[in-house]
4 protein chains.
Amino acid sequence: MEQARKRIPRDPEDDYTRDAAESRQAFVAETTGAKLEHVSSYSFDPAILQGNVENFTGVAQVPIGFAGPLLVDGEHAQGEFYVPLATAEGTLVASYNRGMRLLYEAGGVKTTVLDDRMQRAPAFLFADAREARAFADWIDERFDDIREAAEATTRSGKLQDIDKYSASRILFCRFNFTTGDAAGQNLTGKATQAACDWIKENYDGALEHHFLESNFATDKKSSQVNILRTRGKRVVAEATIPRDLIKELMHAEVDMLWRARLVSNLGGFMAGVNNNGAHSANGITAMFIATGQDVANVAESSAALNFSEVLPNGDYYVSITIPSLIVATYGGGTGLATQRECLEALGCYGKGKVMKLAEIVAATVLCGELSLGSAIVAEQWVDAHDLHGRNRP
Amino acid sequence: MEQARKRIPRDPEDDYTRDAAESRQAFVAETTGAKLEHVSSYSFDPAILQGNVENFTGVAQVPIGFAGPLLVDGEHAQGEFYVPLATAEGTLVASYNRGMRLLYEAGGVKTTVLDDRMQRAPAFLFADAREARAFADWIDERFDDIREAAEATTRSGKLQDIDKYSASRILFCRFNFTTGDAAGQNLTGKATQAACDWIKENYDGALEHHFLESNFATDKKSSQVNILRTRGKRVVAEATIPRDLIKELMHAEVDMLWRARLVSNLGGFMAGVNNNGAHSANGITAMFIATGQDVANVAESSAALNFSEVLPNGDYYVSITIPSLIVATYGGGTGLATQRECLEALGCYGKGKVMKLAEIVAATVLCGELSLGSAIVAEQWVDAHDLHGRNRP
Amino acid sequence: MEQARKRIPRDPEDDYTRDAAESRQAFVAETTGAKLEHVSSYSFDPAILQGNVENFTGVAQVPIGFAGPLLVDGEHAQGEFYVPLATAEGTLVASYNRGMRLLYEAGGVKTTVLDDRMQRAPAFLFADAREARAFADWIDERFDDIREAAEATTRSGKLQDIDKYSASRILFCRFNFTTGDAAGQNLTGKATQAACDWIKENYDGALEHHFLESNFATDKKSSQVNILRTRGKRVVAEATIPRDLIKELMHAEVDMLWRARLVSNLGGFMAGVNNNGAHSANGITAMFIATGQDVANVAESSAALNFSEVLPNGDYYVSITIPSLIVATYGGGTGLATQRECLEALGCYGKGKVMKLAEIVAATVLCGELSLGSAIVAEQWVDAHDLHGRNRP
Amino acid sequence: MEQARKRIPRDPEDDYTRDAAESRQAFVAETTGAKLEHVSSYSFDPAILQGNVENFTGVAQVPIGFAGPLLVDGEHAQGEFYVPLATAEGTLVASYNRGMRLLYEAGGVKTTVLDDRMQRAPAFLFADAREARAFADWIDERFDDIREAAEATTRSGKLQDIDKYSASRILFCRFNFTTGDAAGQNLTGKATQAACDWIKENYDGALEHHFLESNFATDKKSSQVNILRTRGKRVVAEATIPRDLIKELMHAEVDMLWRARLVSNLGGFMAGVNNNGAHSANGITAMFIATGQDVANVAESSAALNFSEVLPNGDYYVSITIPSLIVATYGGGTGLATQRECLEALGCYGKGKVMKLAEIVAATVLCGELSLGSAIVAEQWVDAHDLHGRNRP
């Protein structure tokens, strides 16, 4: 089996050209038999992709539907928005749209960003637990120096604090940064490495070893620590919906919605979910693809805390808290061709916009929660998928 | 604020046309000021999108880089593959490629699908716990009838069994189906609804209420129950790598890789992660976007179990188990223009291919685990991102 | 420091005598300076302790208070019970007593045992995942033989089924037994070892290694798998309490109790608890000490699922589900002097009583949930501890 | 069924007398038919029980075996200890004793207390998330005042800091105290209530409601937040054991012990345990009963983090971290008759001893981990229980 390993062609001079992409398209066609006709149909100059992808060969064309108007009463997002959702799942856009209508009629979604922190989590190993404890104290004493070393590597990253978790002869640290409009994983990694270098040079105790990451960040993974201590933005969307409006628009009784919520809460708790809500990942993923986010962060961004109450007057208070929403309006994929356009459609392209985007995402998610919740209760769920989803199999 | 709500235009006759899309592009441009030049540049006939998206307006163009060859020794995937990865995160393709080279030289990745089941999880409510228990027994007795009612609604869905979890006066059920080459969420929902209808008609006890879903499935959410009991495919990728090869290709010592693994295991356990590995979500997400999967399923598909050992001879055994990998080669977005081409490049388009795709995904993930793990240990991680990632902020 | 290691004296002829105990009391007095006057005051013949403790030196005298009457409407426990609670925590007995009065007036507690299974969880290791999968199939085929081998070692243990969980090249099994009136950890261990011996002899594939336990049982540890799949008894206690009765007896409004419940549910979910209720461990521990249970099983027995609802008429439905309650009325410490008397006071000593005991424990727990919940809401909690608890510091 | 409810007799004058206890013994005998001969055999004056129990009727006599010498190299515990273990589980004392011998020969157990904090966790509710966020800021600003209000109620409690966790329109706070030699739940509750009273009076924003506890403490429950952020003492026990010593004393190969550890780690992670070690609850519970701890705290104290490594020279480094060990040497049950004697046998009675006790508990737990781990690997486990445990069923 192991004859010559056929490498994917690269152009050592400049690999970000249509020619280089074509040579790879030809290579794929030759080795696999697959013609990449549509993959090859992209509308931008590959030169913009440096830093975004290697071995660029073409594009995935993911359908975008817009939903809206979404009425947001945020501190950063104010007014009506039309939300681009990139998805191939039938019903998704229609469902979010339906929820947006309900919350529009209810007066809009109030949104609040509660916290903001991105981290890298090095682990430091010592001869025994006492040395690890002494090191933890030293970290506190020299925090200003450590911050200076870290921030020297970045314009937008600011080291806020260092969370410390100890076990055995190891100190796990979460270096918590704010990262401006970037998602910030890379700048956080670089700044934390610089901090670690400074620590290695300056710590007068015996540091046996350190690893720059220790599964405590926890990048691209759901975790309780991120639910508790935030990763990216911690954002809340909330609304109060008149009882009759739910009945009129969603054909669902508040009391039944509420009972379904109680049962879901118990089910989710027993199942060990990271999200006691309905399906926040759907809206988040579709917005992430459309707006050039790091879509793999759906792993942690899909955690959510639903808290709802039937008010004494019978109206329905609903809220969703997303404790680890990782978004950017600068860097990563946000400047690419279609991604930038979608950010512009939300008024969220560029500097100073990331909180606004976080609020719009959270408001969108809340609309989806109500729409799916109502559909389950009104027993319209499967019918909706029969109507909008292809349901081929 | 609440003047007239401006609705997104739809064409009641046929909404899946270039004209309909253009009217929405114009609407977005007018209401938001954003020109959707690139979003509008798609290469296929919108007619194919029925059942995949509503309010179709254009596409997200997500860059695809190919990595490979990936050498797979599976039961369904055999030989060399070039893997399309849709991403805007610099370094990702290069990193997976590097891992693929290592495992190619090591003789390839062995892959095994251990289990296959997709579920919908209705909850049944009763007057008290005893009635819930009696109902659970009745479900067992009438399983054949329930299966018949469920399977009448679908060609490819087969009800395997019903997992039952009880608490209070509620019985939570997981109806476990195999779903052929489809991911199967929709067919599972429809079949389970039919089963519930049959149950309501035929159960002679007093069923107070039921909900078709109870947060026990747990669709679009990470959960312990899915890690334990499988959702989608449960698939393992494993390999044994000669000690010297790791040193030569990855500039990392096995002993240090191993120690980093131990520390990560502890860190992850303390942090409460759903994945004790490195970053499976990266490879999974990039493949999901490229091949038309339901990308929101990254929420549960990103759970992973890394198990590794240094063998007596010093070689390194590594494995990754993905307990809830949700993939399809039929239905959903798999038939769209670029998505189908990418599946074809893997030899995975259409019927009878879903296990093959699951194996290729798992093998890809394992390559990424080794690449990132080695980079952290060799302290090349940040440098690699400086080289390949734009790292603008 | 490491001079001669002074061993605790033992009598090789018969170590379960007052003389042997006295020689150890003298040894402790001599080496530590502590006189064990009260520890030495036990009222039974040490000969009964064989199989219960080694190096017997005396007893802990743990105060017992009785609470009751507890009115139970169970399938095994029927009528009024006075419950022995061994504790040194002021307020505990008073609080449970208060809850018992409330539920007495409300008509009693309905109890139901939903499931019964005790397990040992061996892990089987193979060369690769495929062999592990083949072994899993073989286990199913040969289940009857395996059961026969297991049951040959025990009179009361019955192997119900084997739960299988796979990852990497390992198959984790939960051998689920019913164990009569014993808690059953020992008999389960012995029977599972016999089953493993039979497997080793008869499996024609290549079994690399096995371990009799793999942290999947999960003995003396809380775990999601036990919450989902039961360990010991899975038992529910439920009641409906008239709205006015809560007001009258607990000085608490149902609506406030209910809101506190919602907030606790969210708090617990975010905190990552194994119990969304209030303090089941208090009642369980006190009953376990009094009745000779293996008190270390509080680790898993303290998991609980609270589900409550305000009914349309304003009454309050409350329930607690204990998914892994480990109790015995035979074997272990149940036959010791005071322990047996406490079981007799409950009518639970000896054969055929274990379900009754499980029901009484669950009913007791429910009373405590309501008492503490009400106290928090009525802001009597700290005052109660000031009254009943010494609160010395 | 609901005829007259027969109340347990109480003496309104003085309920802590032998007479009062006898009247209850008679009541129990009369209503249940059970004679409490041994329960009635206690050796102390009931007057000492005020604040420890209500409705005192007698005692549970729990057998105590001593294990040792345990060689501890702590910061607070130094030298050899003989450890009282109150249990009715055969093999337990022998097993801990065996582990103590191993670690004695290996040079003893190094112990370190990493952290110390006891908490009460009120929740504060507001009209919306923004008000909750503003309140969080205010808490920081007025921390000194809040501390003063809290500490005014207690001599030994010191408010260290307030952890804040937000979701929806609720702020969950963990008020973290050091509590001297007391476990501190009561004083923490009282001090936090005083702090809440001060807050209610002084907060100029609109606080809708607050609850003194919100399931975030998480008293008597295992939780991830306690594993991460400590409850009670966070204590480590560690040791390095020569390879040959394990072979000689435990008849186990380090390599096999190590492999069992890896498999257990994976099993536990998949099972969702709160403890990746073996059985810390056994030693902790037995010491808690013997020394007058609040035994219900086994629920959280049983969480543990095992971290081990085979060193380059083949020796075995082992450690256990107990992140939420709740112990006291003052208050609660520590001053009772037998309990005090057991504390004295450890040199741990009274003020200034609580860290010493925490270290001895952790060292004991580590010994038990090695003993059970070795027994499983050497396949002596079931045999040991056959020898020492009665194994009646």
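Everything here concerns the structure above.
Worth saying up front: this structure is predicted, and the values here are computed from it rather than measured.

Calculation criteria
Residues numbered from 1 in each chain as written. Chains lettered and ligands numbered in written order. Predicted model: local features only at pLDDT ≥ 70, side-chain atom pairs only at ≥ 80, totals over all residues. Heavy atoms only, no water. Helix = DSSP H or I, 4+ residues; strand = E, 2+ residues; numbered from the N terminus. Buried < 20%, exposed > 50% of the residue type's maximum accessible area, 1.4 Å probe, protein only. Contact = heavy atoms within 4.5 Å. Areas by Shrake-Rupley, 256 points an atom, 1.4 Å probe, with all protein chains shown as cover. Lys, Arg positive; Asp, Glu negative; His and termini not counted. Charge placed at Lys NZ, Arg CZ, Asp CG, Glu CD. Buried area = accessible area lost by both parts, 1.4 Å probe. Salt bridge = Lys/Arg side-chain N within 4 Å of Asp/Glu carboxyl O. Least-squares fit on C-alpha atoms with pLDDT ≥ 70 in both. Phe/Tyr/Trp six-rings, centres within 6.5 Å; stacked < 30°, edge-to-face > 60°. Patch = residues over 30% accessible without salt bridge, like charges linked within 9 Å, V, L, I, M, F, W, Y side chains within 5 Å.

Visitor: Provide a residue-level description of the overall build of chain A, including the pertinent values.
Guide: If you tally the helices and strands in chain A, you get 13 helices and 10 strands. Over its C-alpha atoms, taken along the principal directions, chain A stretches across nearly 70 × 60 × 45 Å. When burial is assessed residue by residue, chain A has 70% of its 393 residues classed as buried. Excluding contacts between residues fewer than 6 apart, the proportion of contacts in chain A whose partners are at least 24 apart in sequence is 71%. Accessible surface, chain A: about 11400 Å² in total, of which carbon and sulfur atoms supply 45%. Taking the 39 positively charged and 52 negatively charged side chains of chain A as two groups, their mean positions are separated by 2 Å.

Visitor: Could you give me a rundown of the interface of chain A and chain B, with the residues and numbers involved?
Guide: Contacts between chain A and chain B engage 152 residues on the former and 152 residues on the latter. Surface buried jointly by chain A and chain B totals about 12400 Å² across both partners, of which 59% is contributed by carbon and sulfur atoms. At the boundary of chain A with chain B, the tally comes to two salt bridges. Note that arginine 259 of chain A is salt-bridged to glutamate 208 of chain B, the shortest N-O span being 2.7 Å.

Visitor: Provide a residue-level description of the relation of the copies chain A and chain B, including the pertinent values.
Guide: Relative to chain B, chain A is turned by 180° and slid 0.0 Å along the rotation axis, the superposed coordinates differing by an RMSD of 0.0 Å. The symmetry that links the two subunits is that of a two-fold axis. A shared binding surface is used by both copies, with 100% of the interface residues of chain A retained as interface residues in chain B.

Visitor: For the packing of aromatic side chains, give the residues involved together with the corresponding values.
Guide: All names here are of chain A. On inspection of all chains with the given rule, the structure shows 58 aromatic pairs over all chains. Ring centres of phenylalanine 44 and phenylalanine 56 lie 6.1 Å apart, and the angle between their planes is 40°; this geometry places the pair in the tilted category. Of this pair, phenylalanine 44 sits in the loop between α1 (18–32) and β1 (56–73) while phenylalanine 56 sits in strand β1, and the two are 12 residues apart along the sequence. Taking relative accessible area as the criterion, phenylalanine 44 reaches 7% and is therefore assigned buried. Between phenylalanine 172 and phenylalanine 216, the aromatic rings sit 5.3 Å apart at their centres with planes inclined by 35°, giving tilted as the arrangement.

Visitor: Now, about a negative patch on the surface: what can you tell me, with residues and values included?
Guide: Taken together, the side chains of Asp11, Glu13, Asp14, Asp19 and Glu22 of chain A define an acidic patch exposed on the protein surface. Since its relative accessible area comes to 74%, glutamate 13 of chain A is described here as exposed.

Visitor: Just give me the short version of the relation of the copies chain D and chain B, but keep the residues and values in it.
Guide: In screw terms, the move from chain D to chain B is a rotation of 180° and a rise of 0.0 Å along the axis, fitting with an RMSD of 0.0 Å. Most of the interface of chain D is mirrored in chain B, where 100% of its interface residues are also at the interface.

Visitor: Any chance you could break down the pattern of salt bridges for me, citing the residues and the numbers?
Guide: Residue and element names in this part refer to chain D. Tallying each qualifying case throughout the model produces 100 salt bridges over all chains. Linking arginine 169 and glutamate 208 is a salt bridge whose minimum nitrogen-to-oxygen distance equals 3.3 Å. Of this pair, arginine 169 sits in the loop between β5 (158–167) and β6 (170–178) while glutamate 208 sits in the loop between α5 (185–202) and β7 (209–211), placing them 39 residues apart in sequence.

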